[in-house]
Amino acid sequence: MMERAESGQKLYTSMRLWEFPDQYIIEPTDGSSSSPLSISRIDASMNLIDGVPESNSLRVPKILTIFGVIGMLKLVAGSYLIVIAERERAGSYLGHPIFKVTSLKIFPCDHSLKNSPAEQKRLETEFSRLLNIAESTSGLYFSYDTNLTLSAQRLHDLGDESKLLPLWRQAEPRFLWNNYMLEVLIENKLDPFLLPVVQGSFQNFQAAIGKDIIDVTLFARRCTRRNGTRMWRRGADSDGYVANFVESEQIVQMNGFMASFVQVRGSIPFLWEQIVDLTYKPKFEIVRPEEAPRVLERHFLDLRKKYGTVLAIDLVNKHGSEGQLSEKFANAMQHVISDDVRYLHFDFHQICGHVHFERLSILYEQIVDFLEKNGYLLMNEKGEKMKEQTGAVRTNCIDCLDRTNVTQSMIGRRMLELQLRRIGVFNANETISSYPNLDESFKILWANHGDEISIQYSGTPALKGDFVRYGQRTPQGILKDGWNALVRYYLNNFCDGTKQDAIDILQGHYIVAVSRDMTAPSPPQGLESVASFWLALSLVSIGFLFAVVSLRQVRYDFRHLFFSVMWASLSVAIAAFVRANGWIFCNRPRLNKP
């Protein structure tokens, strides 16, 4: 099996956090007998101390068991310590235990605010509210023993010297979720406290094939460069980093063999956006179209450096509102297509519709040569590399969630069958479907994978998940998709702006600072003071209800058509007024770019 890639310095696996009036003390309790860490509650300064100070009998400090330090964030005047309060074991990655964060806790180091001006206090309160959102961040995984930011192939290729470095120094920065938050601890050289955390998904199952047991893991790593929410982070930035970029690694272990296959997803790689405006599907806007070739070239240059040959599969509609993005993407790709970069457009909705996803076999026939040529990592029971992956498939739709997950699960299924034939488990005619338990577990694996990635970006599980989970579309799945689409609409318009600010602060994409233009928002007056989303939603819903009722009566009395149009127009007018007066959008604090 694969050699263990352990760092030279162990991380603390369990600690005790003491809350004293003037400081926090983090005491390792995993038997390492190391020095506790003191963090000032006044200015967040850090230093190692000889031991936990004795507490005053009149003021006994609060004590909390923690399982890792995420890092430190500085806002306007105060700093905030973020720790892992609860965890659960998610499984193992190449023989190492993997844990999922189930609860974060934030401790303020803001006593210096007592002497701060009133304006700074107000701003600190406003920005610190964003950290409450940060506490609910989902899909965070970590290991005390191995580097989760690297795929099995890249981990195997690490040099011996690199494997002896602390885990945070081995880490791939783009997949290190708490990279920015660790900076203060790095400056203080606190390596045993520096716990790398990855955002993504970790799924695993075991199943029997005859008398043999197969172990399948699916691990997703979300890139932090352009992290965010669905409507607030689209396309690429000027450096070529794209929204919702996720690396998915499928690992198979059986009979001493280990195989790994990596594929990626990411938004269409040029500058475009959708401005939330109360409409269900806001208009696509291509920003600075003249820069598209340069941005796209930078994106694919980065992919080639990291993955080798790249096959870009574009699943968006050829016509309609998505058509302009598809056309721009196809035209820009003509400048980068080469022996190392291929482009393929596959109109998912046109070919597969909403139920015939089995037609993805048409796509597979067009890419099977690429998959077989660029292969996958394969290692024998001695840990020797028998085969390596030399290229990756990059898949995108608009959100890179629903159509993308269905397509990636199909590719993952076909690759697993190729791998099992290679190691002699399957014969030429056997497929995953030949083994019902394996088939069911594999479908659930990819369905859960898609749901977790989708929740992080859109706030809901993936659409079309019933096909991935059951192999066919179901009435319940279609109804669930309708509900999730409505929830996405609500979150996009009323919640995700604030969530985006919280993400930007956590990732260091924006630095909070006091500036002259950060004035307090004026209190609402008049009608605005009583207006709310729920009031607006109620009025719009009632209007559309009357419009539908009137429309149903047209066959009896043609005059009802007039009333139907009147009610529909009134609903649209209310919605437009709400949009124009900004009631629906979350107030977004002013953030200064670093």
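In this text the structure is predicted, and so the values were computed from the model without any measurement.

Undergrad: Help me understand helix α1 (residues 118-134) in this model?
TA: Given 3.6 residues per helical turn, the α-helix brings residues three or four places apart onto the same face. Here α1 contains 17 residues, and its C-alpha end-to-end distance of 25 Å stays within 8% of the 24 Å for a straight helix at 1.5 Å per residue. Residues of α1 that are buried include every one of Leu-123, Glu-124, Phe-127, Leu-130, Leu-131 and Ala-134, and no others. Mapping the buried residues of α1 onto a view down its axis gives an arc of 110°, with all of them on the same face. Set apart from the buried face of α1 by more than 90 degrees, the exposed residues are Ala-118, Arg-129 and Asn-132. Looking at the packing, one finds that the buried side of α1 touches β6 (69-74), β7 (79-93), β8 (96-109) and α14 (496-507).

Undergrad: Even after reading the chapter, I still don't get unusual backbone geometry, so can you show me in this structure?
TA: A negative phi holds for most residues other than glycine; trans holds for most peptide bonds. Of note in the backbone geometry, Arg-288 takes a positive phi value of approximately 45° without being a glycine. Overall, Arg-288 belongs to the partly exposed group, its relative accessible area being 39%. We note that Lys-464 has phi near 65°; this positive angle belongs to a residue other than glycine. Its place among the elements puts Lys-464 in the loop between α11 (436-458) and α12 (465-470).

Undergrad: For this particular structure, what's the right way to read the side chain of Asn-227?
TA: Positionally, Asn-227 belongs in the loop between β11 (212-222) and β12 (246-254). Owing to a relative accessible area of 5%, Asn-227 belongs among the buried residues under this scheme. Within the structure, the side chain of Asn-227 is placed 3.4 Å from the side chain of Gln-199, a separation counted as a polar contact. In this structure, Asn-227 is in contact with Trp-177, Gln-199, Arg-222, Arg-233, Gln-500, Ile-503, Asp-504, Gln-507 and His-509, ignoring residues within four places of it in sequence.

Undergrad: What's the story with the sheet that holds strand β4 (residues 46-48) in this structure? I'm lost.
TA: Either a parallel or an antiparallel arrangement is found when strands of a sheet pair, and the pairing is made through backbone hydrogen bonds. Ordered by their spatial adjacency, five strands build an open sheet running β4-β3-β2-β1-β5, and the pairing between neighbours is antiparallel. Each edge of the open sheet is held by one strand with a lone partner, namely β4 and β5 (62-66). Averaged over all neighbouring strand pairs, the angle between strand axes comes to 20°, with direction disregarded. Across five bridges, the pairing between strand β1 (residues 15-19) and strand β2 (residues 23-28) is antiparallel. Looking at β2, one finds that Glu-19 is bridged to Tyr-24.

Undergrad: Looking at this model, I keep getting lost on the packing of helix α6 (residues 292-307) against helix α7 (residues 323-333). Mind explaining?
TA: Helix-helix packing: each pair is described by the crossing angle between the helix axes and the interaxial distance. Look at α6 against α7: their axes get within 9 Å of each other, and the N-to-C directions meet at 70°. By the criterion of interaxial angle, the relationship of α6 to α7 is roughly perpendicular. Where α6 abuts α7, its residues Ala-292, Leu-296 and Phe-300 lie against Lys-328, Phe-329, Ala-332 and Met-333. For the contact of α6 with α7, the per-class residue count stands at six nonpolar, no polar and one charged.

Undergrad: Is there a simple way to think about the UniProt feature "transmembrane region" (unreviewed entry) in the chain in this case?
TA: Taken from the UniProt record, the annotation "transmembrane region" (unreviewed entry) applies to residues 63-83, 531-549 and 561-585. The span residues 63-83 is 0% helical and 71% strand by assignment, and the distance between its end C-alpha atoms comes to 13 Å.

Undergrad: What is the right way to read the nonpolar core from this model?
TA: One broad rule of soluble globular proteins: the nonpolar side chains tend to lie buried together. Within the largest apolar cluster, 48 residues are counted, with the highest numbers of intra-cluster contacts made by Ile-209, Ile-214, Ile-367, Leu-371, Ile-411, Leu-420 and Leu-438. Considering every element that reaches this core, the biggest residue donor is helix α9 (residues 360-374), with seven residues. Residues in contact with Ile-209, not counting those within four places in the same chain, are Ile-214, Met-254, Leu-420, Val-425, Phe-426, Tyr-435 and Leu-438. Counting 31 residues, the second-largest nonpolar core is a separate cluster that includes Cys-223, Val-242, Val-310 and Val-316.

Here is what the cut-offs are and how they apply
- Residues numbered from 1 in each chain as written.
- Predicted model: local features only at pLDDT ≥ 70, side-chain atom pairs only at ≥ 80, totals over all residues.
- Heavy atoms only, no water.
- Helix = DSSP H or I, 4+ residues; strand = E, 2+ residues; numbered from the N terminus.
- Expected span 1.5 Å × (residues − 1).
- Buried < 20%, exposed > 50% of the residue type's maximum accessible area, 1.4 Å probe, protein only.
- Arc of directions from axis to C-beta.
- Contact = heavy atoms within 4.5 Å.
- Polar contact = N/O pair within 3.5 Å; in protein donor to acceptor, adjacent residues only side chain to side chain.
- Pairing = 2+ DSSP bridges.
- Axes fitted to C-alpha atoms, helices over the stretch in contact; angles between N-to-C directions.
- Parallel < 35°, antiparallel > 145°, perpendicular 65-115°, else oblique.
- Nonpolar A, V, L, I, M, F, W, Y, C, P; charged D, E, K, R; others polar.
- UniProt positions renumbered as here; feature names shortened; annotations may be inferred.
- Core = buried A, V, L, I, M, F, W, Y, C linked by side-chain atoms within 4.5 Å.

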